[in-house]
Amino acid sequence: MKSFGIALLWIVAIAIALLLLVRFGRRRKIVLRGRFAPHLVRLVVLVLVALGASAETAHTDEGKGDADKVGQAESDAPDVLHAKTIARWRAMTANFPRFTRAYALWHSNPTAHPAPATLFETRRAGRVPMPPRLRDLITHESTAIGAGEQRPGVGAASLLSALAEAEAYGLIDNWVCAFLWRFGEADGPPRDPAALALHVELGKRLHRHARLANALLRAKAEVKPIAYAPRVWASKGGPKRVVRVREAKARRDLLAAARRLWVQSDAGPWEREALVGFQVEAGSAAAWVLRAETGAETSVGPDKKLQLTRLDLLQAREGAGPVVLRHTWLGTIRLLPGETLRSWDLVKRLQQPAQEKLALAVKQALQGDEAAAALLEGALPLTHRAIREGVAKQPDAKGAPRLRVILTLYTD
Amino acid sequence: MGILGRIFGRRTAHVYETEIRWLHRLGAVRAPEAVQWITTSTCDLHCPHCYSHAGRRSPGELTHDEACRLLLDELVALDRPVLVLAGGEPLLRPDFADLVAAAGRRGIPWALHSHGGRVLEQLDAFRAHLPVMVAISLDGPREVHDAFRGRAGSFDRALRAMAELKQIGVSEVVAGTTLHRENADLVADMAPIVLESAADAWGLHLMTPEGRAGEHRELLPTAPQLRRVASFARRLRHSFRVELDNEWGSAGDEDCFYRDASFVCGAGRFACVVSATGEVMPCTTTDLAESEGNVRDVPLSQIWAEGFARFRGTDDALRSDCGDCWLQTRNGVSCRSAAFHGASSTLLEAIR
């Protein structure tokens, strides 16, 4: 029976091949139509690509530059990447944006939209299985902001446990990363070794979370049926295509892809945007940078340059002298021996002349000066507070909309 | 997922490109996924960023009978791709409802690009044959939109059109924003408006300096603006379906952070555009030198099968690059590629 089936398949294949040859022989151009022909062609093309006989100038040769990394052990992938998390993540990604959309609306105008805390009581939001610690933080924040107060400060230990719980719920999302990180603003810098260890760990875990979220997004984009057709003009050409892959298969494939892509994924904007650069002043003690990405502690000596992401920590070591850093536009920042600063703390160390320069730049940017806005954007860890205050005072100023976009690049 | 599935998943754009080229060498092409028809150049607005000179009706526009015979019947022969009705303002065609009904009788799915101001008068036509997608233009907050469109109340009408279309069951309503220098920095202010509207998605397009927009090159967005918008959109995608549309070109292996499906330029490969007078173009370019023929002279299915060689082969460097929008590149829109790579000073540094 089996050999009969195989023989039948061969006959069908030869018949199709002959048919195609006859049509090509007539030198008439063929438009592939129907249900099966395009699928069959796709299979043949995939075999050609597998054999290396592919397009000569493919510009979107995905992952080419990382080919050497793929061989790295997938065991590098964090333990949280397992089958259960993937199943939960799939459910979360279907539901969570409903909540974040409502949150964004409330944030844009707290008086016109229901507070996120009240959303938990509605039937719709009830479908979002919010991790309890995250839910408490959201409530905490919306209560404070609703009362006209600032977002409350929350310690690194609480943020770490909320993050771990979110991951266990399958809530692996860059929104979570930014939401938790923002609670650091009202919290102070680490003042003792135990607090420092927690802050180092928080930076590492937030960075890892962003990498995980990006690896999952990449994996999701990878897992689709081979007959999947390209979308023309993106959201202008037709309906969104729902990728239908059998649930169990999709989960298995997603997990495999995410574990592999973890190696190639970075933390995206957390590594590339809202950076600030300094030069260590001549005569200063060496500055230490505690990198969230690698967990490495790097010493940067006098006259050398350093660049900080929002998740890195900056330190002056005990026993050495003070660290003096120069920013090309906003002047010097000083750290006393034993001090560690987070991105949030840098702004508090600006000298008076720098504050005046900042105030002037914000004023000019609000009037629509593009160069001033560019200066502010180029040093967001030092300028975000002044921008926020300026925009709050003059929300209708000509340059305010641009500054609102720029602010999101630091806070979101 | 078998080994072929893995290859497809990892190298989707590469597979599409290979398929197009091999089929072309063998004298074949896939049926199009979508055919856009510029139904008319008539428009009751006068937007500076219009890619055509929309306003008055062009002489020689396809009549209703011609549209049915030369377009709709041909689309049936091409496996019924999505017919995208655009303009001008398509709802200003007196036979709009009849056209939609004719498409419905032939089982052709349709989509619409509109300014939204005339939707409410035509709801019955929509109900009779529901479109698969409607994109309504939204240029900014109320004052900006109305000033730019040159008509007070057009912002409110656009939002109301979106709400009504959702109400009658249109599965996908898209708010479409064409970015230019005056509104690119308004995206943070626009986001709550779009999130609160009935739209399912927000498509961010780039102004192309052709048609009337070609006379307003000073409105082209700057490179820093595009970078900020891309960064903003990437973040907003956590909460809402924002997509950077094809004019932006590919973000390579980061495409998944900016749009739902990998970018491939569809011009002459998966899609084409039929002008109001029947010229078959690779995309919405108004440059008649790019025409592959007129549906009045040659059947659309034949033009599709035999034309667009420069988009399917490798001889024309500009047009054979599936990873870029050839039209934006040709027209020199400021540094779209930098938009995807954050604040890094050079592209190489950004890609790492």
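Please read all numbers here as calculations on a predicted model, not as lab measurements.

Scoring rules and cut-offs
Residues numbered from 1 in each chain as written. Chains lettered and ligands numbered in written order. Predicted model: local features only at pLDDT ≥ 70, side-chain atom pairs only at ≥ 80, totals over all residues. Heavy atoms only, no water. Helix = DSSP H or I, 4+ residues; strand = E, 2+ residues; numbered from the N terminus. Rg over C-alpha atoms; globule rule 2.2 N^0.38 Å. Buried < 20%, exposed > 50% of the residue type's maximum accessible area, 1.4 Å probe, protein only. Contact = heavy atoms within 4.5 Å. Lys, Arg positive; Asp, Glu negative; His and termini not counted. Charge placed at Lys NZ, Arg CZ, Asp CG, Glu CD. Areas by Shrake-Rupley, 256 points an atom, 1.4 Å probe, with all protein chains shown as cover. Arc of directions from axis to C-beta. Core = buried A, V, L, I, M, F, W, Y, C linked by side-chain atoms within 4.5 Å. Pairing = 2+ DSSP bridges. Axes fitted to C-alpha atoms, helices over the stretch in contact; angles between N-to-C directions. Salt bridge = Lys/Arg side-chain N within 4 Å of Asp/Glu carboxyl O. Polar contact = N/O pair within 3.5 Å; in protein donor to acceptor, adjacent residues only side chain to side chain. Patch = residues over 30% accessible without salt bridge, like charges linked within 9 Å, V, L, I, M, F, W, Y side chains within 5 Å. Parallel < 35°, antiparallel > 145°, perpendicular 65-115°, else oblique. Nonpolar A, V, L, I, M, F, W, Y, C, P; charged D, E, K, R; others polar. Domains from an automatic or database assignment. Buried area = accessible area lost by both parts, 1.4 Å probe. Phe/Tyr/Trp six-rings, centres within 6.5 Å; stacked < 30°, edge-to-face > 60°. Lys NZ or Arg CZ within 6 Å of the ring centre and 35° of its normal.

When you go through chain B residue by residue, the secondary structure sums to 13 helices and 10 strands. Computed over its C-alpha atoms, the radius of gyration of chain B comes to 20 Å, within 12% of the 20 Å expected for a compact globule of 352 residues. Each of the three principal axes of chain B carries a C-alpha extent, and together these read 55 × 55 × 45 Å. Evaluated residue by residue, chain B yields a buried proportion of 66% over its 352 residues. Partitioning the intrachain contacts of chain B with sequence separation of at least 6 by distance along the chain shows that 68% fall at a separation of at least 24. Mean positive and mean negative side-chain charge positions of chain B (39 and 47 charges, respectively) differ by 3 Å.

Now for the overall build of chain A. The secondary structure content of chain A amounts to 17 helices and 9 strands. Overall size of chain A, expressed as C-alpha extent along the three principal axes, is 85 × 55 × 45 Å. A burial count over chain A gives 49% of its 412 residues as buried. Excluding contacts between residues fewer than 6 apart, the proportion of contacts in chain A whose partners are at least 24 apart in sequence is 70%. Total accessible area computed for chain A in this model is approximately 19700 Å², and 56% of it derives from carbon and sulfur atoms. Separation of charge centres in chain A, based on 61 positive and 40 negative side chains, amounts to 12 Å.

Residues and elements named next belong to chain B. Considered for burial, the residues of helix α4 (residues 96-105) that qualify are Phe96, Leu99, Val100, Ala102 and Ala103. Relative to the axis of α4, the buried residues are bounded by an arc of 160° and lie together on one face. Residues of α4 that are buried in the fold lie against β2 (34-38), α3 (64-77), β3 (82-86), β4 (110-114) and α5 (123-128). At the exit of α4 stands Gly107, carrying a positive phi of roughly 70°.

Time to look at the environment of Pro230 of chain A. Tracing the sequence through the fold places Pro230 of chain A in the loop between α10 (193-222) and α11 (247-264). Pro230 of chain A sits 132 residues away from Val362 of chain A along the chain, and the two C-alpha atoms are 45 Å apart. In this view, Pro230 of chain A contacts Arg241 of chain A together with Tyr16, Glu33 and Phe270 of chain B; residues no more than four positions away in its chain are not counted.

Before going further, it helps to spend a moment on the nonpolar core. The biggest cluster of nonpolar side chains holds 87 residues, and the ones touching the most others in it are Trp37, Phe96, Phe126, Leu165, Trp202, Trp248 and Leu300 of chain B. Ignoring any residue separated from it by four or fewer positions in sequence, one finds Leu300 of chain B in contact with Val35, Leu70, Leu71, Glu74, Leu75, Leu78, Val274, Val280 and Val295 of chain B. If you look at the next biggest cluster of nonpolar residues, it comprises 78 residues, including Met92, Trp175, Ala178 and Leu306 of chain A.

With that settled, the discussion passes to the sheet that holds strand β6 (residues 313-316) of chain A. Residues and elements named next belong to chain A. An order of β4-β3-β6-β9 is seen for the 4 strands of this open sheet, with the pairing classed as antiparallel. Whereas interior strands pair on both sides, the edge strands pair on one side only; in this sheet they are β4 (297-300) and β9 (340-342). On average, adjacent strands in this sheet sit at an angle of 25° to one another, irrespective of strand direction. The pairing of β6 with β9 spans 3 bridges and is antiparallel. Along β9, the bridge assignment pairs Leu314 with Leu341. Where α10 meets the sheet, it contacts β3 (287-290), β6 and β9, and its direction lies at approximately 150° from that of β6.

Residues and elements named next belong to chain A. Read from one edge of the open sheet, 4 strands run β5-β2-β7-β8, paired in antiparallel fashion. The strands lining the two open edges of the sheet, one partner per strand, are β5 (305-308) and β8 (331-335). The mean angle between the axes of side-by-side strands here comes to 35°, regardless of whether they run parallel or antiparallel. Where strand β2 (residues 276-280) lies against β5, 4 bridges are found, and the strand directions are antiparallel. Bridge pairing in β5 places Phe278 opposite Leu306.

Turning our eyes to something else, we now look at the interface of chain B and chain A. Opposite the 94 residues of chain B that make contact, chain A presents 83 residues. The tally of links between chain B and chain A comes to 10 salt bridges. Across the pair Arg218 of chain A and Asp253 of chain B runs a salt bridge, and its minimum N-O distance is 3.6 Å. Scanning the region where chain B abuts chain A turns up 26 residue pairs in polar contact (both at pLDDT 80 or more). For the side of chain B that touches chain A, the element with the highest residue contribution is helix α2 (residues 12-25) of chain B, accounting for 13 residues.

This part takes up the pattern of salt bridges. The full count for this structure, using the stated rule, is 54 salt bridges over all chains. Connected through shared salt-bridge partners, Glu210, Asp287, Glu290, Glu292, Arg310, Asp316, Arg319 and Arg330 of chain B make up one network.

All names here are of chain A. A contiguous nonpolar surface patch, about 580 Å² in accessible area, is contributed by Phe4, Leu8, Val12, Ile16, Leu40, Leu43 and Val44. Taken together, the elements giving at least two residues each to the nonpolar patch come down to α1 (2-25) and α2 (37-50). Element by element, the count of residues in the nonpolar patch is highest for α1, at 4 residues. Structurally, the position occupied by Leu40 is in helix α2.

This brings us to the packing of helix α1 (residues 3-10) of chain B against α2 of chain B. Residues and elements named next belong to chain B. Interaxial distance between α1 and α2 falls to 4 Å at its minimum, and their mutual angle equals 100°. It follows from the interaxial angle that α1 and α2 lie roughly perpendicular. Residue-level inspection shows Ile7, Phe8, Gly9 and Arg10 of α1 in contact with α2, the latter providing Thr12, Val15 and Tyr16. Its residues assigned to classes, the contact of α1 with α2 comprises 4 nonpolar, 2 polar and 1 charged.

For the rest of this paragraph, the subject is the domain arrangement of chain A. When the parts of a complex come together, some accessible area is lost, and that lost area is often taken as the interface size. All names here are of chain A. In terms of domain boundaries, chain A breaks down into domain 1 (2-61), domain 2 (83-227 + 242-270), domain 3 (274-343) and domain 4 (352-411). Computed over C-alpha atoms only, the centres of domain 3 and domain 4 are separated by 24 Å. Domain 3 puts 10 residues into the contact, and the matching count from domain 4 is 15 residues. Counting each side, the surface lost to burial between domain 3 and domain 4 is near 1100 Å², with a carbon and sulfur contribution of 68%. In terms of surface lost to domain 4, no three residues of domain 3 exceed Ala274, Trp329 and Leu330, which account for 58% of the buried area on that side. There are 0 salt bridges connecting domain 3 and domain 4. Across the contact surface, domain 3 and domain 4 share 3 residue pairs in polar contact (both at pLDDT 80 or more). Split into classes, the residues belonging to the side of domain 3 that touches domain 4 amount to 7 nonpolar, 2 polar and 1 charged.

Applying the stated criterion to the full structure yields 23 aromatic pairs over all chains. Look at Tyr16 of chain B and Phe270 of chain B: their rings are 5.8 Å apart centre to centre, the planes differ by 70°, and that puts the pair in the edge-to-face class. Remark: Phe270 of chain B occurs in the loop between β8 (242-244) and β9 (271-274) and Tyr16 of chain B occurs in helix α2; sequence separation between them is 254 residues. A network of ring pairs unites the aromatic residues Phe96, Phe99, Tyr103, Trp106, Trp175, Phe179 and Phe183 of chain A as a single cluster. Geometry around Phe8 of chain B places Lys224 of chain A over its ring, the cationic atom sitting 5.5 Å from the centre. Directly above the ring of Trp288 of chain A sits Arg317 of chain A, whose terminal nitrogen or CZ lies 3.9 Å from the centroid.

All names here are of chain B. Here Thr12 is to be found in helix α2. Between the C-alpha atom of Thr12 and that of Thr208, which follows or precedes it by 196 residues, the distance is 27 Å. In this structure the side chain of Thr12 is engaged in a polar contact, spanning 2.7 Å, whose partner is the backbone oxygen of Phe8.

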